[in-house]
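Next come the chains, spelled out residue by residue.
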Amino acid sequence: MNIALDIQKALQSALQDLYSHEVEQSTLGLQPTRKEFAGAYTFVTFPYGKISKKSPQDTAQQIGEYLTEKCPTVSGFNVVKGFLNIEIADQAWLQVLNEAMADEHYGLGEKKEQSVMVEYSSPNTNKPLHLGHLRNIFLGYSVAKIYDALGYNVVKVQIINDRGIHICKSMIAWQKFGEGETPESSGLKGDKLVGKYYVAFDKAYKAEVAEMVESGKTKEEAEKQAPLLLAAQEMLRQWEAKDPEVYALWETMNGWVYDGFDKTYEQMGVDFDQLYYESDTYLLGKDAVEAGLATGHFFEKADGSVWIDLTDEGLDQKIVRRSDGTAVYMTQDIGTAIQRFKEYPGLERLVYTVGNEQDYHFKVLFLILKKLGYAWADGCFHLSYGMVDLPSGKMKSREGTVVDADDLMGEMIQIAEDHTRELGKIDGFSDEQAAALYDTIGMGALKYFLLKVDPKKRMLFDPKESIEFQGNTGPFVQYTFARISAILRRAAELGVAEGAVADNITFTANEAELIYLISECQNKIQLAADEYSPAVIAQYVYDLAKEYNKFYAAQAIFTEDEAEQVAFRVQLSGQVARLIKLGMSLLGIHVPERM
RNA sequence: GGUCUGCUAGCUCAACUGGAUAGAGCAACUGCCUUCUAAGCAGUAGGUUUCAGGUUCGAGUCCUGAGCGGAUCACCA
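If you're wondering where the values come from, they're calculated on a predicted model, not measured in any experiment.

**So, the overall build of chain A**
(1) Moving on: Along the backbone of chain A there are 22 helices and 14 strands.
(2) Moving on: On the principal axes, the C-alpha backbone points of chain A span a range of 90 × 65 × 40 Å.
(3) Moving on: A burial count over chain A gives 39% of its 595 residues as buried.
(4) Moving on: Of all intrachain contacts in chain A linking residues separated by at least 6 positions in sequence, the fraction that spans at least 24 positions is 73%.

**With respect to the protein's contact with RNA strand B**
(1) Moving on: Around RNA strand B, the surrounding shell holds 72 residues, and the nearest of these are Ser 323, Asp 454, Gly 471, Tyr 479 and Ala 486.
(2) Moving on: Among the elements of the structure, strand E1 (30-32), strand E2 (41-44), strand E4 (83-88), helix H15 (359-371), helix H16 (405-423), strand E14 (459-460), helix H18 (474-494) and helix H21 (534-554) are those that each provide at least two residues to the surface near RNA strand B.
(3) Moving on: Per-element accounting of the surface near RNA strand B gives the leading share, eight residues, to H18.
(4) Moving on: Its residues placed into classes, the surface near RNA strand B shows 31 nonpolar, 20 polar and 21 charged.

**Regarding the nonpolar core**
(1) Moving on: Membership of the largest hydrophobic core comes to 153 residues, with the highest contact counts inside it found for Ile 86, Ile 146, Val 541 and Ile 580.
(2) Moving on: Excluding residues within four positions of it along the chain, Ile 146 makes contact with Ile 525, Ala 528, Ala 529, Pro 534, Ile 537 and Leu 586.

**Quick word on the UniProt feature "short sequence motif: 'HIGH' region" (unreviewed entry) in chain A**
(1) Moving on: Per the UniProt annotation, the sites labelled "short sequence motif: 'HIGH' region" (unreviewed entry) are residues 123-133.
(2) Moving on: The distance separating the terminal C-alpha atoms of residues 123-133 is 8 Å; by composition the span is 27% helix and 0% strand.

**Quick notes on the sheet that holds strand E6 (residues 153-160)**
Sheet strands line up and pair through hydrogen bonds in the backbone, either parallel or antiparallel.
(1) Moving on: Taken in spatial order, the five strands line up as E7-E6-E5-E11-E12 in an open sheet, and their pairing is parallel. What marks the edges here is a single partner per strand, and that holds for strand E7 (274-277) and strand E12 (380-385). The average undirected angle you get between the axes of adjacent strands in this sheet is 25°.
(2) Moving on: Sheet analysis places strand E5 (residues 115-119) next to E6, joined by five bridges and oriented parallel. Within E6, the residue paired with Val 116 across the bridge is Val 154.
(3) Moving on: Together, E5, E7, strand E11 (347-355) and E12 form the strand contacts of helix H14 (residues 329-343), whose direction differs from that of E11 by roughly 145°.

**What about the sheet that holds strand E8 (residues 298-300)?**
(1) Moving on: The sheet built from three strands is open, its strands ordered E8-E9-E10 with antiparallel pairing. Both edges of this open sheet fall to E8 and strand E10 (317-321), since each of them pairs with a single strand only. The average undirected angle you get between the axes of adjacent strands in this sheet is 40°.
(2) Moving on: Sheet topology places E8 next to strand E9 (residues 306-309); three bridges connect them, and they run antiparallel. Opposite Phe 299, over in E9, you have Trp 307 as the bridge partner.
(3) Moving on: Relative to E8, helix H13 (residues 286-294) is tilted by about 90°, and along the sheet it contacts E8, E9 and E10.

**Some points on the pairing of E6**
(1) Moving on: Summarising burial for E6: six of the eight residues are buried, a large majority.
(2) Moving on: In this fold, E5 hands off to helix H5 (residues 131-149), which returns the chain to E6; that crossover is right-handed.
(3) Moving on: Across four bridges, E6 lies against E7 in parallel orientation. Looking at E7, one finds that Ile 159 is bridged to Tyr 276.

Rules behind the numbers
- Residues numbered from 1 in each chain as written.
- Chains lettered and ligands numbered in written order.
- Predicted model: local features only at pLDDT ≥ 70, side-chain atom pairs only at ≥ 80, totals over all residues.
- Helix = DSSP H or I, 4+ residues; strand = E, 2+ residues; numbered from the N terminus.
- Buried ≥ 20, exposed ≤ 12 C-beta atoms within 10 Å, placed from the backbone.
- Contact = placed C-beta atoms within 7 Å.
- Near = placed C-beta within 6 Å.
- Nonpolar A, V, L, I, M, F, W, Y, C, P; charged D, E, K, R; others polar.
- Core = buried A, V, L, I, M, F, W, Y, C linked by C-beta atoms within 7 Å.
- UniProt positions renumbered as here; feature names shortened; annotations may be inferred.
- Pairing = 2+ DSSP bridges.
- Axes fitted to C-alpha atoms, helices over the stretch in contact; angles between N-to-C directions.
- Right-handed = clockwise from strand over helix to strand, strands pointing away.

In C-alpha cells, the structure reads:
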C-alpha cells in the first residue's frame, strides 16, 4: 500500500464530492507534517478557498472530516489555519511495514527496457587522478547505481583522453630526462611516473622561455618558439602520421598510466562497462559536419572553416571545423554521441558527468545535435557539478596544490584505523577483517562527504577538518547499521519470531516516523534519479539513521515482556538496516556488521 | 563587456520545488554508559536567509536592480 497515494485519492474524491471540483491527483501536494503538530501528512488548503467558498480553516475542517469518515488510512486530523494535518491509522503503518518485509525488491523499480549511459571520470593520461576526479567519479558511479536500482539497463563508460599535446609533453620529457625509467625500476605507480615527466616538461619549458627572454626575445615569442614545445608539437604530428617509434612510446607510457588508474579505480570501488579512447574517436563527427553543411545548419567561412550560428538562441557562433579541415572538440563530441546512440538502440538517456566549467560547451553540443535533427538529443544530460575548492582556493596542478586521489584515500583509511584503535573496537577481528573495516570506514567517510552535497554546488574541502566521523557522516550511518546488526544477531540467538508482525501492536511517534521513512524509500530513489543527485540518497540514509538512533536510545528492545512487541521492534530494526544498506550501496558505500 | 552561476547560524551543509515558529552536523556549554556498540542520545546557545524593491493569502524559494564570489565566451583540449 502507498499511504500518500491513498490520501491523494481520497482528497480527490473529497474535492469532487464536497465542491464538485475535479483535479488531477498528482496536483494534490502533500507535505510531511512539521514535528510540532500531530499527523504525518499535511494538506494545504489556502489555494482551495475559491472552490470551497469557505475560509481555509473551514475548508480544512470539512475535508478532514470527510477523510476521517471515508478513508480507513486516516485515523484523525487537526487543523491549524489552512493546514490540514492528517493522522494515519496504526493499522496502515503496520501494513506498510509488513509489505516491505514481504517484498524482496522493496524500494527497487521494475525492470525496464530502456538503457541509460553514464559517462564519468574521463581523465587525461598525462597526470594522476585528484580530488576533483573523486567527486566526478563517485557522482557518476552513484547516479549509475541509482538508475540501476530503478530497473534501467545502465552502461557505465569513460572516455579517455589519451592523445594530444599533453601526453606528447610527458613523452618528450621522458625521452630527454628519463634515462629509461619505468614503473618497475622506480617503484612509482605508472600514472605518477608519467605525471612526474609532465611536471618536468613544464619546468624545463619555463626555464627555456626565461633564457630566451633574457637573450632578447619577447615573452610571447619565447613561449611559442621554445625548442621543447616545438619538439612536443613535432611529436604530435609524428603520432598523427603513426610514426612507429613514437607510437610505441605512446602505447608504453599510456599503458603505465592505465595500470596506475586501474589501481586507483579499484581502491575507489568503481568500474566501467565500456571504455572509449579519444585516439579512436577524435576523427568522428566529420560526416556530421558535412551533413550539417548540406542541410544549411552549418556554414563555411571564406578561409574554409565551418561554423554554426547560434545567435538566435542567445549564444555565439561556434566553430565545428578548422580551416585546415581538422576537428575541434565539439566535432568529436557530436560524432561520439551519434555513435553511442547507434551502438545502443535502446538508449534513452546519455549522462555526461563533467564539471560546470563546461556548461556552455554542453549547452551548445545538445543544441547542435537537436538542430541536426536527432530526436534523442533531448535525452542527453550534462550532470554538471561544482568544483572542489581548498581553503587556499582553487586546486592548481602547476602550483602543487592538488590533492592526489591515492594519497587522500590512503589518509582516510589511516585516520579510520587510528580512530578505530583509539575506540578499542576491533576485539576479535583478524588482521584481514580489521584492514577491511578500516577501508570500509575510511572510504565511507570520503564518499559520503563528497556525495552529501548537492552536485551543482561547489564545495569546500579542508584537509584538516572536512572529514569527520561523527554527526552527518558516512561512519555515523555505518555505525547505525552495525548496531542494528548486533540486535539482529541477538534476535537470532533468542529465536525471536520472524515474518509479519502482529496487527495489535501499539507504537510511538518515533516508531511511526521510522515506518514513514521506510515508506519513502522509492520516492527518494526516484527523486534522486530525476535530479541526478546522490545527495538526496545521502540525506535519506542520514534521516533513517538519525531517527533510528533516537529509537535505539529510547527503549531497550529485548526487555519488553510481550513477545509480539519484541518481534515488532526487531523487524522494524531489520527493515531500517536493510534500507540503510540499500541506500549506502547506491552511494557506492559498504556497511560493516561490526565496528 | 555579454552570458551562466552562487551567496542561509562562527564553519560545513539542508529546507520535499511557493507553505506553519528556516533545520542538521561541526565547534562551545550541560546532562546520560552495571542494560541491544557513547562513532550514540537528550538539552542550552547561535539567524534581518548579502542588500533594496516587487509579485500574493503566504517568499530562503519567483521577478527587477545592486553588492561580493566563481565559471565561460579561442581555428585550446
